[in-house]
Amino acid sequence: MIKDVETDKKTDEKTNIETAAETDATGTMPGERMERADAAIRTMDYAASTVRTVSWTVQKADGISVKPAQEQDSCIQERKNRNRGQQLTIEQFLREKGCSHHVLTHLKRTDHGILKNGEWAYANQPLNTGDVVTVRVEETENSDQISAVPLPLSIVYEDEDVLVVDKPCNMPVHPSMGNHENTLANAVMYYYAEQERRFVFRCITRLDRDTTGLVLIAKNALSGAILSSQSSKRQVHREYLAVTEGILPEEGSIDAPIARWQDSPLMRCVDYEHGERAVTHYQRLGVYQMPDEIYEEFFQSRNLSGLQSDAGAAGCASKEMSLANVHLETGRTHQIRVHMKSIGHPLPGDFLYNPDSVCEFVPRQMLHAHRLTFAHPITGEPLVFESKMPPDMRRLLEIYQKLKTK
C-alpha cells in the first residue's frame, strides 16, 4: 500500500489544520481560537481515559519461538528453556507480537486487560491454534509537559494506531531548551486537544530540526511498543533525498562509527575509537552543474573575487551538486550529514558541518525523508508512504543544469 503526500492531503479539518498557524501581530492567537484551545485543554482534565482493544487469532501454538537473546530475566529464561516445545502461553504470544514489559504489566493489572476467547485470562495460560487473544489497553495519561500550540500540521495518514506526518523545516520534533512551543510535538498535542482526547506523544522516527519529511508517531502504548520493537530490529525503513556538494560516486556504502565531537552536546563526528557503528547506503540520482554565466553573475553581484572572499557565499557557489537517494542501516544522530562530510561531499546549507555553504538560497541542509516503510503494528499490513521533494530543494536544483552521466 503506497500513500503519496501530495495526493493524500485532505482539505477537511481532520487532516489539514494548517490554517491554525495564524497569529496576530503580537504573536498570540486570535481570541476565539485561544478560547477554543483553552477550553479543550481544560476539558482534558476531566475527559475519560482512552481505550484501545485489539484481537489476534493464534496461527500456531505449538512450540516457543521467542529467542533466548530477547529474554532479560535469567530465571524466566530457564523456565522457557524447560518448556521449549510445549504450548505457547499468552505472555509469550504477546511478546512475539512486540509487547513490551511495561505494556504486559499494564495489561495484567487492568480489569479484563487480557481475554482468551472472550474470557478473562491469565498471562501464563497456554494457547491452542485458533484461539483469539484480546488485549485492552487503557490510558489515562497525557503529555501535559508539552504545550498545545496551533502550528502547521500536514497529516499524511492516520488510523487508530499510527499517525504519519510530513514535517516542515525549522521545526524540532521535541521541545528542548529554547524550543518550547515551536515543535512537532506542540502541533500534535494541539491537534488532539481540539478533539478533547488525551494523548501521549510517542515519536518513533525522528528528524533534525531543518530536515523535512515523513515522521512516524504511535497513537497508543500498544502500537508504540510494537513499533519501537520493529525499529530496534531495523524493520522500519526510511529513505532520504539528499543534495551533496561535488560529484558523488554512482553508489556506495559508508561504514564509519559516529561519536560526539569533543565535548559538544550537539555535533557528531566519525570516530573509529569511541564511536558507535553507523552504516549509510547511497545511490546517486543525478549530477547538476551551475552554468558559467549564472556562476559568474552570482559572484559579480556580490563583488566577490574568489570563492573564499565571502564565507557566507563560498559554499553556495559550488559548481557541481549531486542528488542522491540515501538509506540508513543504522540511525545515529546526524548520520547522513556526518557521513557525507566524511567522504568529501557535505550537504549544502548545513550550518553545523558545512557552515560556509549557508546562504540566501540554501538556508538549511538539503535533506528530505521522502519514503517510509513499515508493517502496521496491529494488522501487519505493509505500509509505504512517500513525500515529494520540497520546494526549496527543487529551486536549488533548478539553478543548476542536470548533466548527462553514465
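Residues numbered from 1 in each chain as written. Predicted model: local features only at pLDDT ≥ 70, side-chain atom pairs only at ≥ 80, totals over all residues. Heavy atoms only, no water.

A. Representation of the overall build of the protein within the structure. Helix and strand counts for the protein come out as 11 helices and 18 strands. Burial statistics for the protein: of 406 residues in total, 50% are counted as buried. In the protein, once contacts between residues fewer than 6 apart in sequence are set aside, the share between residues at least 24 apart is 72%. Summing over all exposed atoms, the protein offers an accessible surface of approximately 20,600 Å²; the carbon and sulfur share of this is 48%. (Helix = DSSP H or I, 4+ residues; strand = E, 2+ residues; numbered from the N terminus. Buried < 20%, exposed > 50% of the residue type's maximum accessible area, 1.4 Å probe, protein only. Contact = heavy atoms within 4.5 Å. Areas by Shrake-Rupley, 256 points an atom, 1.4 Å probe, with all protein chains shown as cover.)

B. Focus on the packing of aromatic side chains. Within the structure shown, the criterion is met by five aromatic pairs. Relative to Phe 93, the ring of Trp 56 lies with its centre 6.5 Å away and its plane at 70°, an arrangement referred to as edge-to-face. Of the two residues, Trp 56 is situated in strand β2 (residues 50-57) and Phe 93 in helix α4 (residues 90-97); the sequence distance between them amounts to 37 residues. With relative accessibility at 7%, the residue Trp 56 sits in the buried group. Taken together, the ring pairs connect Tyr 157, Phe 374 and Phe 385 into an aromatic cluster. (Phe/Tyr/Trp six-rings, centres within 6.5 Å; stacked < 30°, edge-to-face > 60°.)

C. Region of the structure containing the sheet that holds strand β4 (residues 119-120). With respect to topology, four strands assemble into an open sheet ordered β2-β5-β3-β4, the strand pairing being antiparallel. Of all the strands in the sheet, just β2 and β4 have a single pairing partner and so form its edges. Packing of helix α7 (residues 221-232) onto the sheet brings it into contact with β2 and β5 (132-139), and relative to β5 it is tilted by some 110°. (Pairing = 2+ DSSP bridges. Axes fitted to C-alpha atoms, helices over the stretch in contact; angles between N-to-C directions.)

D. Region of the structure containing unusual backbone geometry. One non-glycine residue, His 112, adopts positive backbone phi at about 55°. Structurally, His 112 is set in the loop between α5 (101-109) and β3 (114-116). One non-glycine residue with positive phi stands out, namely Arg 234, at about 60°. Within the secondary structure, Arg 234 sits in the loop between α7 and β10 (237-245).

E. Here's a closer look at the confidence of the model for the protein. Taken as a whole, the protein shows an average pLDDT of 82; of its residues, 76% reach a score of 70 or greater. This model gives residues 5-31 a pLDDT under 50, and the stretch forms 38 contacts once residues within four places in sequence are excluded. Below a pLDDT of 50 lies the segment residues 302-315, which in the model reaches 23 contacts outside its immediate sequence neighbourhood of four places, other chains included. (pLDDT = per-residue confidence, 0-100.)

F. Seen up close, α5. When α5 is considered as a whole, its buried residues turn out to be Val 103, Leu 104 and Leu 107. Buried residues of α5, seen end-on, are gathered within an arc of 100° and therefore sit on one face of the element. Opposite the buried face of α5, by more than 90 degrees, sit the exposed residues His 101, His 102 and Arg 109. Buried positions along α5 lie against α4, β3, β5 and α7. (Arc of directions from axis to C-beta.)

G. The arrangement of the pairing of β10 in detail. Within β10, seven of the nine residues are buried, which leaves the element mostly enclosed by the surrounding structure. As judged from the six bridges shared by β10 and strand β16 (residues 367-375), these two strands associate in the antiparallel manner. From the neighbouring strand, Tyr 240 faces β16, where its bridge partner is Ala 369.

H. Highlighting the packing of α4 against α5. Two elements in contact, α4 and α5, have axes whose closest approach is 10 Å; the angle formed by their N-to-C orientations is 140°. The orientation of α4 relative to α5 falls into the category oblique. Viewed along their axes, α4 and α5 form a crossing whose handedness is right-handed. Touching Glu 91, Leu 94 and Arg 95 of α4 are His 101, Leu 104, Leu 107 and Lys 108, all from α5. When grouped by side-chain class, the residues that make up the contact of α4 with α5 number three nonpolar, one polar and three charged. (Parallel < 35°, antiparallel > 145°, perpendicular 65-115°, else oblique. Left-handed = near helix turned anticlockwise from the far one by under 90°. Nonpolar A, V, L, I, M, F, W, Y, C, P; charged D, E, K, R; others polar.)

I. A look at the nonpolar core. With 39 residues, the main nonpolar core has Leu 184, Val 188, Phe 201 and Ile 217 as its most contacted residues. When contributions to this core are tallied by element, the ones reaching two or more residues are β7 (162-167), α6 (184-193), β9 (212-218), β10, β15 (320-328), α10 (335-342) and β16. Among the elements that line this core, the one with the most residues is α6, at nine residues. Non-local contacts of Leu 184, meaning those with residues more than four positions away in its chain, are made with Leu 153, Val 165, Met 171, Pro 172, Val 173, Val 215 and Ile 217. Of all hydrophobic cores here, the second largest spans 23 residues; its members include Val 54, Cys 99, Val 137 and Ala 221. (Core = buried A, V, L, I, M, F, W, Y, C linked by side-chain atoms within 4.5 Å.)

J. Spotlight on the pattern of salt bridges. One pass over the structure, following the stated rule, counts 16 salt bridges. Residue Glu 160 is joined to Arg 52 by a salt bridge in which the shortest nitrogen-to-oxygen separation is 3.5 Å. Placement of Glu 160 in the loop between β6 (155-158) and β7 and of Arg 52 in strand β2 is noted, with a sequence separation of 108 residues between them. Overall, the relative accessible area of 54% leaves Glu 160 in the exposed class. Exposure remark for Arg 52: the relative accessible area of 13% places this residue in the buried category. Note that Asp 350 and Arg 337 form a salt bridge whose closest N and O atoms lie 2.8 Å from each other. Of this pair, Asp 350 sits in the loop between α10 and β16 while Arg 337 sits in helix α10, and the two are 13 residues apart along the sequence. With a relative accessible area of 3%, Arg 337 lands in the buried category. What you see here is one network of salt bridges that share partners, running through Arg 52, Glu 160 and Asp 161. (Salt bridge = Lys/Arg side-chain N within 4 Å of Asp/Glu carboxyl O.)

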